[in-house]
Amino acid sequence: SQQGEEDPQALSIQEGENATMNCSYKTSINNLQWYRQNSGRGLVHLILIRSNEREKHSGRLRVTLDTSKKSSSLLITASRAADTASYFCATGAIGAAGNKLTFGGGTRVLVKP
Amino acid sequence: EAGVTQFPSHSVIEKGQTVTLRCDPISGHDNLYWYRRVMGKEIKFLLHFVKESKQDESGMPNNRFLAERTGGTYSTLKVQPAELEDSGVYFCASSRDTSTDTQYFGPGTRLTVL
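Read on for a plain summary of the structure. Bear in mind the structure is a predicted one, so any value in this text is a computation, not a measurement.

## Some words on the sheet that holds strand 6 (residues 55-58) of chain A
All names here are of chain A.
Part 1 of the argument: In space, the five strands of this open sheet follow the order 1-3-8-7-6, with antiparallel pairing throughout. Every interior strand has two partners, whereas the edge strands, strand 1 (5-7) and strand 6, have only one. On average, each strand axis in the sheet is tilted by 20° relative to the strand beside it, whichever way the strands run.
Part 2 of the argument: When strand 1 meets strand 3 (residues 19-24), the two strands line up antiparallel, connected through three bridges. Pairing of E5 across the sheet is with S24, part of strand 3.

Structural data, given as structure tokens:
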């Protein structure tokens, strides 16, 4: 498997439900970032979590990081139709000059009204 | 504050032609990155500038790709000559001084090589 792999690949939920997606990675990291991409548009930055942090919140988003398991999760609470998008995790590896990001394949989330 | 902008949004060219993509980072961001996503694959790193200097170009696929950032402001990515496998979406991102800072992405340029 590849660095920054998301699970599941696709997720379909009803509006109002919570959506959880996971990201696993292989190398030691400085930070992990979550992005959203609406169909045909650019990447929107959601949250950055550093390797010494375990949890961060931003509005309806909650991100956790477990460096011992090399995994992160993104929780979207009380989902809305506008949350329909692809979600990507990206890791910045320790020792990698300049924090180049390694992306996973993404999780496609469909929120049905 | 304006975000990262990219031009053009779409480009359709014939195999063998040349295309130049442009990226304007957020004002004051010294770090500028190029990434691309080819069909069915993950978003991959191409290269990283700090101001006008190339910090890391380990992701550049071959010598048909040339990136520049004269004056440390906007950057261009030229593909010459373009091949079919170069089709995809090219993203630019920028961040402030520290190398571990948030990277803000532009909307991307969709390149189609026929």
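## Side note on the pairing of strand 7 (residues 61-66) of chain A
Residue and element names in this part refer to chain A.
Part 1 of the argument: With four bridges joining them, strand 6 and strand 7 adopt antiparallel strand pairing. Bridging from a neighbouring strand, K56 pairs with V63 of strand 7.
Part 2 of the argument: Between the antiparallel neighbours strand 6 and strand 7 lie two residues, among them G59 with a positive phi of about 60°.
Part 3 of the argument: Two strands pair when backbone bridges link them, and strand 7 and strand 8 (residues 71-76) are joined in this way by six bridges, in the antiparallel orientation. Bridged to T64 within strand 8 is S73.
Part 4 of the argument: Hairpin connection of strand 7 to strand 8: four residues between the antiparallel strands, including K70 at a positive phi of 50°.

What counts and what doesn't
- Residues numbered from 1 in each chain as written.
- Chains lettered and ligands numbered in written order.
- Predicted model: local features only at pLDDT ≥ 70, side-chain atom pairs only at ≥ 80, totals over all residues.
- Heavy atoms only, no water.
- Pairing = 2+ DSSP bridges.
- Helix = DSSP H or I, 4+ residues; strand = E, 2+ residues; numbered from the N terminus.
- Axes fitted to C-alpha atoms, helices over the stretch in contact; angles between N-to-C directions.

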